[in-house]
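Reading the structure
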Amino acid sequence: LAKMASGTDGNIISYDASGNPVAVATGSAGQVLTSAGAGAPPTFAAASSGLTLIKTQTVSSNVSSVDFVNGTGGCVIDSTYEYYIVRFSGVRFNALGGIAGRIGTSGGFISASDYHQNEASLLSNGNAWVLNQEETKNSFRVSDRRYTATTAGFSVNGEVRFYNMSSTSLYKGYWMEAVGFGNSASEVSYIVGSGMLEDNTSKGSANDRIQFLPLSASSIASGSFTLYGVKK
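None of the values given here were measured: they were computed from a predicted structure. (Residues numbered from 1 in each chain as written. Predicted model: local features only at pLDDT ≥ 70, side-chain atom pairs only at ≥ 80, totals over all residues. Heavy atoms only, no water.)

1. Looking at the overall build of the protein
Scanning the protein from N- to C-terminus turns up one helix and 18 strands. Every one of the 232 residues in the protein was classed for burial, and the buried ones make up 41%. The contacts in the protein between residues at least 6 apart in sequence include a share of 66% that link residues at least 24 apart. (Helix = DSSP H or I, 4+ residues; strand = E, 2+ residues; numbered from the N terminus. Buried < 20%, exposed > 50% of the residue type's maximum accessible area, 1.4 Å probe, protein only. Contact = heavy atoms within 4.5 Å.)

Structure follows, in structure tokens:
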């Protein structure tokens, strides 16, 4: 092929050496462009492994939560992927706050006191690591509660991985890491943790939704949240 050009959404138009279109390859969400061999136009095929971008949500004004729900707005949270990753960046709040998270079933987000978490946090002000264990919480903590609205430039950034979401026999687990700032521009906040949702209803049901909500503050004011799926 001499060149390639994208067509309408989900299509790739191929050209021969003279610049004439020779074929149109049609794809859909979750597929990748694959070579069909020398002299043949490319085709789309299902991604066999690796990280697949599913959906990005960008917050530009105060919202009470950011939700990813299977089947809503092109979101996929089902047995298609082995586990899921949400990466967030530039997240700010309308007051002193941080990020909390929940997962849930088709019945809604689980807010019962069944989230269990171990975490370690560190501030770059000379303090030692702080270890914390939280049991029977109604959500899990993703980031530290630090100033983001009252000081220009402050934000929270990081990612959370979600495991066993489609299982009907295993408890749901998560691993998270976040960085931000403390009470001054010279005080960096770092937190890493993991936990389980030990909810028997959840264990026996596939979880199909992920929610991020403010910790202490009342609203998420801005930032970007992107959901990825990971295949075996």
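2. Overview of the pairing of strand S17 (residues 209-215)
Counting buried positions over the seven residues of S17 gives seven, a clear majority of the element. Here strand S7 (residues 66-69) runs beside S17; their pairing, made up of four bridges, is antiparallel. Within S17, the position partnered with Val69 by the bridge is Arg209. When strand S9 (residues 98-105) meets S17, the two strands line up antiparallel, connected through seven bridges. By the bridge assignment, Gly101 is partnered in S17 with Phe212. (Pairing = 2+ DSSP bridges.)

3. What about empty space enclosed by the protein?
Under the counting rule described, the total for this entry stands at one cavity of 30 Å³ or more. In terms of lining, the largest cavity is formed by 14 residues, of which the most central are Asp144, Val156, Val179, Gly180 and Ser189. Those elements giving two or more residues to the lining of the largest cavity turn out to be strand S15 (172-181) and strand S16 (188-197). No other element matches the four residues that S15 contributes to the lining of the largest cavity. In the lining of the largest cavity, the residues fall into seven nonpolar, five polar and two charged. (1 Å grid on protein atoms, 1.4 Å probe; cavity = no way out; pocket = protein on both sides within 12 Å on 5 of 7 lines; lining within 4 Å. Points joined across faces, edges and corners; volume = space filled by probe spheres on them. Nonpolar A, V, L, I, M, F, W, Y, C, P; charged D, E, K, R; others polar.)

4. Topic: the pattern of salt bridges
If you walk through the whole model with that rule in mind, you get four salt bridges. Between Glu159 and Arg87 there is a salt bridge, with the nearest N and O atoms lying 3.1 Å from each other. Of this pair, Glu159 sits in strand S14 (residues 156-163) while Arg87 sits in strand S8 (residues 83-93), and the two are 72 residues apart along the sequence. A salt bridge links Asp208 to Arg209; its shortest N-O distance comes to 2.8 Å. In this structure, Asp208 and Arg209 share a single accessibility class: buried. Through salt bridges with shared partners, one network takes in Arg87, Glu159 and Arg161. (Salt bridge = Lys/Arg side-chain N within 4 Å of Asp/Glu carboxyl O.)

5. Some points on the sheet that holds S14
Spatial strand order, S6-S18-S8-S14-S15-S16-S11-S12: eight strands in an open sheet with antiparallel pairing. Lying at the two open borders of the sheet, with one neighbouring strand each, are strand S6 (50-59) and strand S12 (130-137). This sheet shows a mean twist of 15° between the axes of neighbouring strands, independent of strand direction. For S6 and strand S18 (residues 220-231), the ladder comprises nine bridges, and the chain directions are antiparallel. Note on S18: the bridge partner recorded for Leu51 is Val230. (Axes fitted to C-alpha atoms, helices over the stretch in contact; angles between N-to-C directions.)

6. A short note on unusual backbone geometry
Positive phi is not limited to glycine here, since Asn164 has a value of about 65°. Locating Asn164 in the fold gives a position in the loop between S14 and S15. Under the relative-accessibility criterion, Asn164 is labelled partly exposed at 29%. Phi at Ser216 is positive, roughly 85°, even though this residue is not glycine. One can find Ser216 in the loop between S17 and S18.

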